[in-house]
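Tertiary structure, described
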Amino acid sequence: MTDTLNSSYTVAQERKVVTAIPGPQSIALHERRLAVVPVGVGTALPIYIERANGAILVDVDGNQFIDLGAGIGVTTVGHTSARVIEAAAAQLGKVTHTLFTVTPYEEYVRVAELLAQHTPGDFPKKTVLVNSGAEAVENAVKIARKYTRRTGVAVLEHAYHGRTNLTMAMNFKAAPYSTGFGPFAGDVYRAPNSYPYHDGLTGAEAAARTIGYLEKTVGAYDLACLVVEPIQGEGGFVVPADGYLPALQQWCTENGIVFIADEIQSGMARTGAYFASEHFGLVPDLVLSAKGIAGGLPLAGVTGRAEIMDSALPGGLGGTFGGNPVAAAAAVAVFEQIENDDLLAEATRIEQTLVAGLEELASKYDIIGDIRGIGAMIAIELVQPGTGATTKEPNPKAVDAIVAYAASQGVLVLNAGTYGNIVRFLPSLAISDALLTDALGVIDDAMATLR
Ligand SMILES: *Cc1c(COP(=O)(O)O)cnc(C)c1O
């Protein structure tokens, strides 16, 4: 349990709905927003948040929501964690910016040391820090190309890697991420993934399919890198079959292809390991971190084998804000909190509570086709009634209805998946079993309203 944290909560860890959702203040703010913020910046829920603490969001109308999204897996250590606030505030009063590539500072080096220590693999590693997940992906591809002197980039079906030009080309889903935004970066090759619920393949079979596809359509010799999410995030928490990822890694190693694990969503303790790669016995050449690394401050990194990371020319990597001292100090505090509060164990506790509750729901509602995920990264895939054993027809309408109903009752939950038919649970690791059980009750009610 999270007793060590409870003493420092500044918002009662409870759900409380005091207005219609969204409330009047949120509605007023949303009108202002619509006038000045483009529609391309989407809004999943027009609920304006005034403060947040632990696993609770408080909106401008005083409603309290159980947060099962954590800003898409960002506030892994809990909202406004006292440790993170303290570290960031202290750093704010010391130095907020010098530009690490002009005059460096210790916090950046410390984050690089911690990432070297906690990413898989026992060999010299180096890290470049940047501002966002997409920027980490971009840098990893740059580095892999420079190192291999090859250009091809392989990605998997249902992947999501960001919204920059290169990463748009790497995403599986066109709308809304890339529709109308071309021309796109070339030399990106998309191969079938392992999706046990749908393909029924073993890891070895799925790996043979992926590798065969890449060998036929591009050829190993022209590939600089293969980028995989060990557990796919936006794709719907797709956990590959046993042996799939190790087989891909082995093929990469044999063919001089840099194996890159995009752990932007799955990393930083979310799955009960520092990086999800560990669950699959992977030792990636490069590991990407972002979302959960700095408790909500913008920071991302590429960590990997020193000889690969050192291939770029001096000045070839970096950027004005990359590895900002305040964000870096927050990241150091996040690592400390993972250790001090044993958050890896908390992720496993959350998995047990969520999976047990969801299995109970699945016994009542046949639209739950699949329950999957590891740690505090759990999803349900919703199918049309009666199709669970046959066509597994996607049921995005049920997902939308559940998300909307849950919000109206004070539970924030996110959708996911290429077909929008997945509900994902990725709460802060500070969330209590009591809050999870309360939230599952609301999901139960939501499903009951669908019948
Ligand atoms: C969110 C995400 C990204 C993009 O990160 P941004 O910080 O939004 O640019 C890339 N890969 C994965 C797996 C993600 O979940």
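Under an unreviewed UniProt entry, the protein has the name (S)-3-amino-2-methylpropionate transaminase and belongs to Agreia pratensis. UniProt's Sequence similarities (unreviewed entry) comment on the protein is quoted here verbatim: "Belongs to the class-III pyridoxal-phosphate-dependent aminotransferase family." Quoted straight from UniProt, the Cofactor (unreviewed entry) entry for the protein says "pyridoxal 5'-phosphate".

**Focus: the domain arrangement of the protein**
Domain annotation of the protein identifies domain 1 (4-75 + 342-448) and domain 2 (85-340). On a C-alpha basis, the centroid separation for the pair domain 1 and domain 2 is 26 Å. Every contact between the two is made by 36 residues of domain 1 and, on the other side, 33 residues of domain 2. Of the roughly 2,700 Å² buried between domain 1 and domain 2, counting both surfaces, carbon and sulfur atoms make up 60%. The largest contributions to the domain 1 side of the interface with domain 2 come from Leu344, Ile374 and Met377, which together make up 26% of the buried area. There are one salt bridge connecting domain 1 and domain 2. For the salt bridge of Glu234 with Arg424, the shortest nitrogen-to-oxygen distance reads 2.8 Å. There are 17 residue pairs in polar contact (both at pLDDT 80 or more) connecting domain 1 and domain 2. For the side of domain 1 that touches domain 2, the elements supplying multiple residues, two or more each, are helix H3 (70-73), helix H13 (343-364), strand S11 (368-374), strand S12 (377-382) and strand S15 (422-425). Broken down by element, the side of domain 1 that touches domain 2 gets its largest block of residues, five residues, from S11. Here the side of domain 1 that touches domain 2 is built from residues that sort into 20 nonpolar, 10 polar and six charged.

**Structural notes on the site of the ligand**
Taken together, the neighbourhood of the ligand is formed by Ser132, Gly133, Ala134, Tyr160, His161, Gly162, Glu229, Asp262, Ile264, Gln265 and Lys291. Between the ligand and Tyr160 there is a distance of 3.3 Å, counted from a nitrogen atom to a backbone nitrogen or oxygen. Gln265 has a polar side-chain atom sitting 2.8 Å from an oxygen atom of the ligand. In isolation the ligand exposes 380 Å². Once the protein is present, 83% of that is buried.

**Focus: the packing of aromatic side chains**
Any pair of aromatic rings gets described here by the distance separating the centres and the angle formed by the planes. All chains considered together, the criterion is met by five aromatic pairs. Between Tyr160 and Tyr177 the ring centres are 4.8 Å apart and the planes differ by 50 degrees, which places this aromatic pair in the tilted class. Taken together, the residues span a long stretch of sequence, with Tyr160 in the loop between strand S5 (152-156) and helix H7 (165-170) and Tyr177 in the loop between H7 and strand S6 (188-191) at a distance of 17 residues. For the pair formed by Tyr160 and Tyr177, the shared burial category is buried. Following the ring pairs from residue to residue traces out a cluster consisting of Phe100, Tyr105 and Tyr108. Here the basic side chain of Arg305 rests over the ring of Phe123, its NZ or CZ set 4.0 Å away from the ring centre.

**Considerations on the pairing of S11**
Counting buried positions over the seven residues of S11 gives five, a clear majority of the element. Here S11 runs beside S12; their pairing, made up of six bridges, is antiparallel. In the sheet register, Gly373 faces S12, and the bridge partner there is Ile378. Between S11 and S12, which pair antiparallel one after the other, the connecting turn spans two residues, and Gly375 there sits at a positive phi close to 65 degrees.

**Some points on the pattern of salt bridges**
Scanning the model with the defined rule gives 13 salt bridges in all. When the shortest N-O distance is used, the salt bridge between Arg209 and Asp199 registers 3.3 Å. On the criterion of sequence distance, the pair formed by Arg209 in helix H9 (residues 203-217) and Asp199 in helix H8 (residues 196-199) is long-range, its members being 10 residues apart. Its salt-bridge partner being Glu381, residue Arg372 comes within 2.8 Å of it at the nearest N-O pair. Here Arg372 and Glu381 have matching classes, each one buried.

**A short note on the sheet that holds strand S2 (residues 56-59)**
Reading across the sheet, the four strands line up as S1-S2-S3-S13 and stay open at both edges, with mixed pairing between neighbours. The open sheet terminates on both sides in strands that have one partner only, identified here as strand S1 (49-53) and strand S13 (411-412). For S1 and S2, the ladder comprises four bridges, and the chain directions are antiparallel. Bridging from a neighbouring strand, Ala52 pairs with Leu57 of S2. The strands touched by helix H15 (residues 433-449) are S2, strand S3 (64-67) and S13; relative to S3, the strand with the most contacts, the crossing angle is about 100 degrees.

Conventions we followed
- Residues numbered from 1 in each chain as written.
- Predicted model: local features only at pLDDT ≥ 70, side-chain atom pairs only at ≥ 80, totals over all residues.
- Heavy atoms only, no water.
- UniProt positions renumbered as here; feature names shortened; annotations may be inferred.
- Domains from an automatic or database assignment.
- Contact = heavy atoms within 4.5 Å.
- Buried area = accessible area lost by both parts, 1.4 Å probe.
- Salt bridge = Lys/Arg side-chain N within 4 Å of Asp/Glu carboxyl O.
- Polar contact = N/O pair within 3.5 Å; in protein donor to acceptor, adjacent residues only side chain to side chain.
- Helix = DSSP H or I, 4+ residues; strand = E, 2+ residues; numbered from the N terminus.
- Nonpolar A, V, L, I, M, F, W, Y, C, P; charged D, E, K, R; others polar.
- Near = heavy atom within 4 Å.
- Areas by Shrake-Rupley, 256 points an atom, 1.4 Å probe, with all protein chains shown as cover.
- Phe/Tyr/Trp six-rings, centres within 6.5 Å; stacked < 30°, edge-to-face > 60°.
- Buried < 20%, exposed > 50% of the residue type's maximum accessible area, 1.4 Å probe, protein only.
- Lys NZ or Arg CZ within 6 Å of the ring centre and 35° of its normal.
- Pairing = 2+ DSSP bridges.
- Axes fitted to C-alpha atoms, helices over the stretch in contact; angles between N-to-C directions.

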